[in-house]
Amino acid sequence: MTGQGTGHPRAGRHQPAVRGGTEGRTAAAATGRSTDRTQGATPLADIREVYRAIDPAVREEFVRRGGWRVVRNFHVDFGVPWQEAFGTEDRDAIVEYCRGKGISAAWPADGGLRTTTVRQALHTHPVSGEPVWFNHATFWHVTSLAPEVQGGLREIFPDEDLPTNTYFGDGGRIPDETIAHLRAAYRSASTRFDWERDDVLVVDNMPAAHGREPFTGPRKIAVAMAEPSRSLVSA
């Protein structure tokens with residue numbers, strides 16, 4: 001089964017997104033085998049700088065409210081069907097898969113699927129002991145979509161039925177201005193890596209968030225990842 005968990009379509013995000021992580025890996029390496037005609041850089045953000053740029057009151061609210069959650073709604077006749085996303089029509093198999101990943105699965109009466117994942121927003125790096133802002137609360141929030149896309153979706157769905165959205169861990173709404181503040185923190189700590197043929201980039205996935213700019217032309221990036229590590233929750 002190819003479960004998607006918190007994996008969602010990347011198209012339509014209104015900026016070159018720098019993604020925080022949800023699963024710590026001590027290193028990830030990529031090598032550029034061919035280059036893009038335009039753009040295609042890998043944005044990188046120092047998560048330690050992101051952490052320092054976030055208002056302490058915002059960090060504390062995420063901790064107090066149980067971290068963050070992402071809700072994915074697989075609607076009938078809209079977007080990717082759950083059967084395609086998970087590679088099976090066996091509902092019991094999907095529930096079992098989700099349970100093993102710490103994801104809850106619910107089956108609305110209309111035949112769709114709703115998955116809910118709750119994770120901590122703050123973690124401690126397993127080697128350095130530094131606090132890191134390590135989550136996808138900003139990237140998967142509806143306001144990270146292009147304005148015309150988020151406006152169209154909100155005309156069709158109430159917020160709780162949006163294809164993808166994020167919340168505080170207790171299920172409460174994250175104010176749009178809070179997400180804008182988090183987005184600014186990522187921008188303030190960001191740089192970009194412009195690929196050239198046969199370049200090698202090695203990233204520690206916890207203190208360095210990464211993303212991808214849109215691109216034109218041929219592109220091939222080979223990726224190798226280390227084993228995931230579990231960090232301690234930062235108080």
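Above this text sits the structure in question.
Residues numbered from 1 in each chain as written. Predicted model: local features only at pLDDT ≥ 70, side-chain atom pairs only at ≥ 80, totals over all residues. Heavy atoms only, no water.

Colleague: Break down the packing of aromatic side chains for me, citing the residues and quoting the values.
Modeller: Counted under the stated rule, the structure contains eight aromatic pairs. Ring geometry for F193 and W195: centres 4.9 Å apart, planes at 85°, overall edge-to-face. Using a relative accessible area of 21% as the deciding quantity, one classes F193 as partly exposed. Put simply, the rings of F62, W133 and F168 pair up and form one aromatic cluster. The aromatic ring of Y51 is capped on one face by R59, whose charged end is 4.0 Å from the ring centroid. (Phe/Tyr/Trp six-rings, centres within 6.5 Å; stacked < 30°, edge-to-face > 60°. Buried < 20%, exposed > 50% of the residue type's maximum accessible area, 1.4 Å probe, protein only. Lys NZ or Arg CZ within 6 Å of the ring centre and 35° of its normal.)

Colleague: Which residues make up the nonpolar core, and what values go with them?
Modeller: Within the largest apolar cluster, 26 residues are counted, with the highest numbers of intra-cluster contacts made by I47, V50, I54, F62, W133, L182 and Y186. The element that contributes the greatest number of residues to this core is helix α6 (residues 176–188), accounting for four residues. Dropping the residues within four chain positions of it, I54 is found in contact with R59, W133, H181, L182 and A185. Counting residues in hydrophobic clusters, the runner-up holds eight residues, among them W82, I94, C98 and I103. (Core = buried A, V, L, I, M, F, W, Y, C linked by side-chain atoms within 4.5 Å. Helix = DSSP H or I, 4+ residues; strand = E, 2+ residues; numbered from the N terminus. Contact = heavy atoms within 4.5 Å.)

Colleague: So what's going on with the sheet that holds strand β7 (residues 103–106)? Which residues, and what values?
Modeller: One open sheet accounts for four strands, arranged β7-β8-β6-β11; its pairing is antiparallel. The open sheet is flanked by β7 and β11 (164–168), the only strands paired with a single partner. If you compare each strand with its neighbour and ignore which way they point, the axes differ by 20° on average. Here β7 pairs with strand β8 (residues 113–119) via four bridges, running antiparallel. Bridge pairing in β8 links A106 to R114. Along the sheet face, helix α4 (residues 91–100) touches β7 and β8 and points at about 155° away from the line of β7. (Pairing = 2+ DSSP bridges. Axes fitted to C-alpha atoms, helices over the stretch in contact; angles between N-to-C directions.)

Colleague: Would you mind going over α4 in detail, with residue names and values included?
Modeller: N-capping of α4 is provided by D90, with a side-chain oxygen placed 3.0 Å from the backbone N of D92. Phi turns positive one or two residues past the end of α4, at G102, with a value near 70°. (Polar contact = N/O pair within 3.5 Å; in protein donor to acceptor, adjacent residues only side chain to side chain.)

Colleague: Help me get a handle on unusual backbone geometry, residues and values and all.
Modeller: One non-glycine residue, D77, adopts positive backbone phi at about 65°. Its place among the elements puts D77 in the loop between β6 (68–74) and α3 (82–86). Despite not being glycine, D198 shows a phi value in the positive range, around 70°. Summarising the element assignment, D198 is placed in the loop between β12 (190–193) and β13 (200–203). Take D198: its relative accessible area is 44%, and that puts it in the partly exposed class.

Colleague: Could you give an account of the side chain of R183, naming the residues involved and the relevant values?
Modeller: With respect to the secondary-structure elements, R183 resides in helix α6. No salt bridge is formed by the buried R183. Its closest oppositely charged neighbour is D176, at 7.8 Å. Here the side chain of R183 touches S144 through a polar contact of 3.0 Å, side chain to side chain. (Lys, Arg positive; Asp, Glu negative; His and termini not counted. Salt bridge = Lys/Arg side-chain N within 4 Å of Asp/Glu carboxyl O.)

Colleague: If you had to explain the pattern of salt bridges to someone new, which residues and values would you point to?
Modeller: Under the criterion given, the structure shown has twelve salt bridges. Ionic pairing is found between R65 and E61, a salt bridge with its closest N-O pair at 3.1 Å. A salt bridge links D161 to R114; the shortest N-O distance between them is 2.5 Å. Pair noted here: D161 is in the loop between α5 (147–156) and β11 and R114 is in strand β8, with a separation of 47 residues, a long-range link. Within this structure, E61, R64, R65 and D170 form a network of salt bridges that share partners.

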